[in-house]
Amino acid sequence: MAGKPPKGDPVQDAPDVAAPQHAAAGLPAIAHTLRIAQKQMGVRRTALTLLKVNQKDGFDCPGCAWPEPDKRHAAEFCENGAKAVAEEATLRRVTPDFFAAHPVADLATRSGYWLGQQGRLTHPMYLAEGAETYEPVTWERAFDLIAEELHALTSPDEALFYTSGRTSNEAAFLYQLFAREFGTNNLPDCSNMCHESSGSALTDTIGVGKGSVLLEDLYQADLIIVAGQNPGTNHPRMLSALEKAKAGGTKIITVNPLPEAGMERFKNPQNARGLAGGGTPLTDLFLQIRLGGDQALFRTLGRLVLETEGAVDTDFVREHTHGFEEYERTARAADWDETLRATGLRREEIEEALRMILASRRTVVCWAMGLTQHKHAVPTIKEVVNLLLLRGDIGRPGAGVCPVRGHSNVQGDRTMGIFERPSAAFLDALEKEFGFAPPREHGLDVVRAIRALRDGDAKVFFAMGGNFVAASPDTDVTEAAMRRARLTVHVSTKLNRSHVITGARALILPTLGRTERDRQSGGDQFVTVEDSMGMVHASRGRLEPASPQLLSEPAIVCRLARRVLGTASTTPWEEFEKDYGTIRDRVSRVVPGFEDFNARVARPGGFTLPHAPRDERRFPTATGKANFTAAPVEYPKAPEGRLLLQTLRSHDQYNTTIYGLDDRYRGIKNGRRVVLVHPDDARALGLADGTYADLVSEWTDGTERRAPGFRVVHYPTAPGCAAAYYPETNVLVPLDHTADTSNTPASKSLVVRLEQADPA
């Protein structure tokens, strides 16, 4: 069973639990960073590598997508970014001898942490049908195997081309081009599992599915609301930006079911105050909201703004918005009792938030997975937009929407065309530039791709990066679906769980990392990425590749396309592999905002993509204006004796990559199978601190989804709510429990019961 703890692995160790911390970073972060980096890379390699992270002449951190300031610190990285770099630049190697010694059945019993710690992949590896171990294979043979399976399909739509957000702009553009020349829009990506709800809501309301602020806007804001996000663990460099904003007088409201150390106090390791131990208190008002209550909160805040004389920016509403009258009728009917039930907050707390909003002339709202992974995620984010529109806080300096993305180029991938539902304008531009007719039918997102594999409607799965099996919902269903494939292919730098849950045949194709020098026949190459705020810049690796057998992602796509498409394709794949500048020339003619791409990205720091609502107060929606919306208020409800569970990351984790077994800020050490429960809820359930329980999710299909053996930790979470780490708890997320419109797995509002278990 996928939810069962791995055998023979240190992740099974009983976790030690201490009190949660109330400050983030400082000297402990520096010590931990250096210890991890030197363990993986050695002293000299650590110094040479970390000093190039996020520098204008260096490489983009393979971690989060938070933007860099124009003036950069010599150590422009955070603790978790350093961990990501260390694992990529590690001296450890996974060679063919490793695979010979470890049959797939053995690797399948290991945890993701153990697999990731083995080091960098060095050779293309092939698992033949019926074989017990992976064996080395030449690149030519690997491409032949893929072509053989793709050509055997009855339809191109039986192939799935997945990508994670760490793929560069150049590789992403080539990848979608290849998939569409092959004949399918089946381009699911990690956005489908995280910020798809943001894109859906923002496209409908302001006409652009991206955030509307730049880093400088945070510094100019009077108020920043951070909702459903934990910057201290997931985007640590954001804390530096919040500290700078605080120094300029900005107030911060934090909306979260869990108190998070980084939002309480930040000890900046880049300045004397942080190192001396004082640090900066960040949060002025903490709203400890019940899971999924955010829509009700923002709806009531909107009502209170409407009821306050002079609080609505009537000129902005009249000139730039549509649908205000319907929204006003709905918002004025917001019920206080329902709001308090949904949010778990006190009326006085909401009224204090209102006072801070009214005192602000410029407000930014930031959010992440805590808002996007609910059934009602899209209307929740639209409610955020409603509040900002009332105050005229979109399209002026120091104000706007700020969805904080995860992977370092997840936004760039979408910009480059990695999307299962491409616009007609994008396909028209692609057809004009490359002279073929791309498919017009919408493809499959992640959830629909899993269903297609499960039902036998998809037979080849190709992943450009990522760890699809571990990242996806309903682990047992996902793993069974993957095993039905004829061929699974993963382009990867390190081992992960997806390599051991395979189709009838499987390939692992090792690729260059961000840290490594990319030499092609046309000379040294660089790639580009887009950060969470629409800034595009170059990334140049400096290290020698982990193995001479590695190919870059663009080279892999180009060689695969030449082998699969053959002479039927007039696309100059060989030229693209030789010189990435030729790729960027084509991007400049297909993707709006990338005109004169090569020249603009050559400037230190790169360039900013246009954003009509931010730059011109122009809203390219169907109405031509920013749209107010008035969806019914929803929030998840748990029956008596049940809790609402959210899945989340530990501090020693980035998405599905586990760097260690500690969660320092939450007081967890040497283990991951813990469930954080409010002491009153735990006592009502008869679960003492330190006892063990199985987590069982309850869903309308009646299927039992169980994650066994979690240590109960009494923790100051919102009453009625619980939290546990993914991917261990992805087994609890039903495949069909998704957000309306965006189809994102609703991993933040699971109804669960806790069944007491034997600690053994």
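Refer to the structure presented above.
Residues numbered from 1 in each chain as written. Predicted model: local features only at pLDDT ≥ 70, side-chain atom pairs only at ≥ 80, totals over all residues. Heavy atoms only, no water.

A. Focus on the overall build of the protein. Each helix and strand counted, the protein has 32 helices and 33 strands in total. Over its C-alpha trace the protein gives a radius of gyration of 25 Å, about what one expects of a compact globule, namely 27 Å for 760 residues. Along the three orthogonal principal directions, the C-alpha set of the protein runs to about 70 × 60 × 55 Å. A fraction of 78% describes how many contacts in the protein between residues 6 or more apart in sequence connect residues 24 or more apart. About 26,000 Å² of surface is accessible on the protein, with carbon and sulfur atoms providing 50% of the total. (Helix = DSSP H or I, 4+ residues; strand = E, 2+ residues; numbered from the N terminus. Rg over C-alpha atoms; globule rule 2.2 N^0.38 Å. Contact = heavy atoms within 4.5 Å. Areas by Shrake-Rupley, 256 points an atom, 1.4 Å probe, with all protein chains shown as cover.)

B. Structural context of the environment of S155. Examined against the element boundaries, S155 turns out to sit in the loop between α7 (139-151) and β7 (159-163). For the pair S155 and F182, spaced 27 residues apart in the sequence, the C-alpha separation amounts to 9.9 Å.

C. Quick peek at the pairing of strand β33 (residues 750-757). Bridge count for strand β25 (residues 643-648) against β33 is 3 bridges, and the pairing is antiparallel. Bridging across to β33, L645 finds its partner in L750. Summarising the sheet, strand β30 (residues 692-697) and β33 pair through 6 bridges and their orientation is antiparallel. When the sheet's bridge partners are listed, D694 is paired in β33 with E755. (Pairing = 2+ DSSP bridges.)

D. Main features of helix α26 (residues 475-483). Considered for burial, the residues of α26 that qualify are T475, T478, E479, A481 and M482. One side of α26 holds all its buried residues, which, seen down the axis, span an arc of 160°. Looking at the packing, one finds that the buried side of α26 touches α24 (446-454), β16 (460-464), α25 (468-471) and β17 (487-492). (Buried < 20%, exposed > 50% of the residue type's maximum accessible area, 1.4 Å probe, protein only. Arc of directions from axis to C-beta.)

E. Structural view of the sheet that holds strand β31 (residues 705-714). The 6 strands are arranged β25-β32-β29-β31-β30-β33 in a closed barrel whose pairing can be described as mixed. On average, adjacent strands in this sheet sit at an angle of 45° to one another, irrespective of strand direction. (Axes fitted to C-alpha atoms, helices over the stretch in contact; angles between N-to-C directions.)

F. Main features of the packing of aromatic side chains. For the structure shown, the criterion picks out 21 aromatic pairs. On the numbers, 5.9 Å between centres and 45° between planes, the contact of Y175 with F462 is tilted. Of this pair, Y175 sits in helix α8 (residues 169-182) while F462 sits in strand β16, and the two are 287 residues apart along the sequence. Overall, Y175 belongs to the buried group, its relative accessible area being 2%. (Phe/Tyr/Trp six-rings, centres within 6.5 Å; stacked < 30°, edge-to-face > 60°.)

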